[in-house]
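Chains, contacts and geometry: an overview
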Amino acid sequence: LYAVLGDHPPTSCPGSSKGAQGLAEMMMSKMGDAASKFGVNFEGPPLHLDPSHRTLLLAEAPNAEALRDFLYEVGLNQFNNLDLYLVTPIPELVAKSAEWPKIFP
């Protein structure tokens, strides 16, 4: 499972820029085919983090490279800064952390 956080300045926001709006509409129309091509499955729709100019995408993918290639194929990097994270469910992390040496009192 991966999380992708995106952000952009207000000047390249699809809500305030005609060029970015057209680009975003085109990207959204490509997402389904690109997801199939790279084996990406979404955990819900892309989300906007109101009221900022940030987005969140949760997805399963065969590996980080497949998700990265999906992002390039769709073009989300064209007007967004993107951060790609591996994601671990908290209960799983808590179970793993029980085995880690503790370095703080």
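Above this text sits the structure in question.
These remarks concern the structure in this document. On a predicted model such as this, the values are computed, not experimentally measured, just so you know.

**Focus: the pairing of strand β1 (residues 2–7)**
- Burial analysis of β1 places five of its six residues in the buried class, the great majority of the element.
- As paired elements, β1 and strand β5 (residues 81–86) share six bridges and run antiparallel to each other. Note that in β5 the partner of Leu-5 across the bridge is Asp-83.

**Brief notes about the pattern of salt bridges**
- The full count for this structure, using the stated rule, is three salt bridges.
- The salt bridge partner of Lys-37 is Glu-73, with a shortest N-O separation of 3.3 Å. Of this pair, Lys-37 sits in helix α1 (residues 18–38) while Glu-73 sits in helix α2 (residues 64–74), and the two are 36 residues apart along the sequence.
- With relative accessibility at 55%, the residue Lys-37 sits in the exposed group.

**Describing the nonpolar core**
- One finds Val-40, Leu-67, Phe-70, Leu-71 and Val-74 to be the most contacted residues of the largest nonpolar core, which totals 18 residues.
- Broken down by element, the residue count for this core peaks at six residues, all from α1.
- For Leu-67, the residues in contact, after removing those within four places along its chain, are Tyr-2, Val-4, Val-40, Ala-59, Ala-61 and Leu-84.

**A short note on α1**
- Taking 1.5 Å of rise per residue, 21 residues should cover 30 Å, and α1 covers 29 Å from first to last C-alpha, within 8% of that figure.
- Taken as a whole, α1 carries its principal kink of about 40° at Met-31.
- Those residues of α1 lying buried are Ala-20, Ala-24, Met-27, Met-31, Ala-34, Ala-35 and Phe-38.
- The secondary structure elements touched by the buried residues of α1 are β2 (41–42) and α2.

**Quick notes on the packing of α1 against α2**
- In contact at an axis separation of 9 Å, α1 and α2 are set at 150° when each is read in the N-to-C sense. In terms of orientation, α1 and α2 fall into the roughly antiparallel class. As α1 runs across α2, the sense of the crossing is right-handed. Contact residues: α1 offers Met-27, Lys-30, Met-31, Ala-34, Ala-35, Lys-37 and Phe-38, while α2 offers Ala-66, Asp-69, Phe-70, Glu-73 and Val-74.
- By residue class, the composition of the contact of α1 with α2 is eight nonpolar, no polar and four charged.

Criteria and thresholds
Residues numbered from 1 in each chain as written. Predicted model: local features only at pLDDT ≥ 70, side-chain atom pairs only at ≥ 80, totals over all residues. Heavy atoms only, no water. Buried < 20%, exposed > 50% of the residue type's maximum accessible area, 1.4 Å probe, protein only. Helix = DSSP H or I, 4+ residues; strand = E, 2+ residues; numbered from the N terminus. Pairing = 2+ DSSP bridges. Salt bridge = Lys/Arg side-chain N within 4 Å of Asp/Glu carboxyl O. Core = buried A, V, L, I, M, F, W, Y, C linked by side-chain atoms within 4.5 Å. Contact = heavy atoms within 4.5 Å. Expected span 1.5 Å × (residues − 1). Bend = angle between axes of the 7 residues up to and from the residue. Axes fitted to C-alpha atoms, helices over the stretch in contact; angles between N-to-C directions. Parallel < 35°, antiparallel > 145°, perpendicular 65-115°, else oblique. Left-handed = near helix turned anticlockwise from the far one by under 90°. Nonpolar A, V, L, I, M, F, W, Y, C, P; charged D, E, K, R; others polar.

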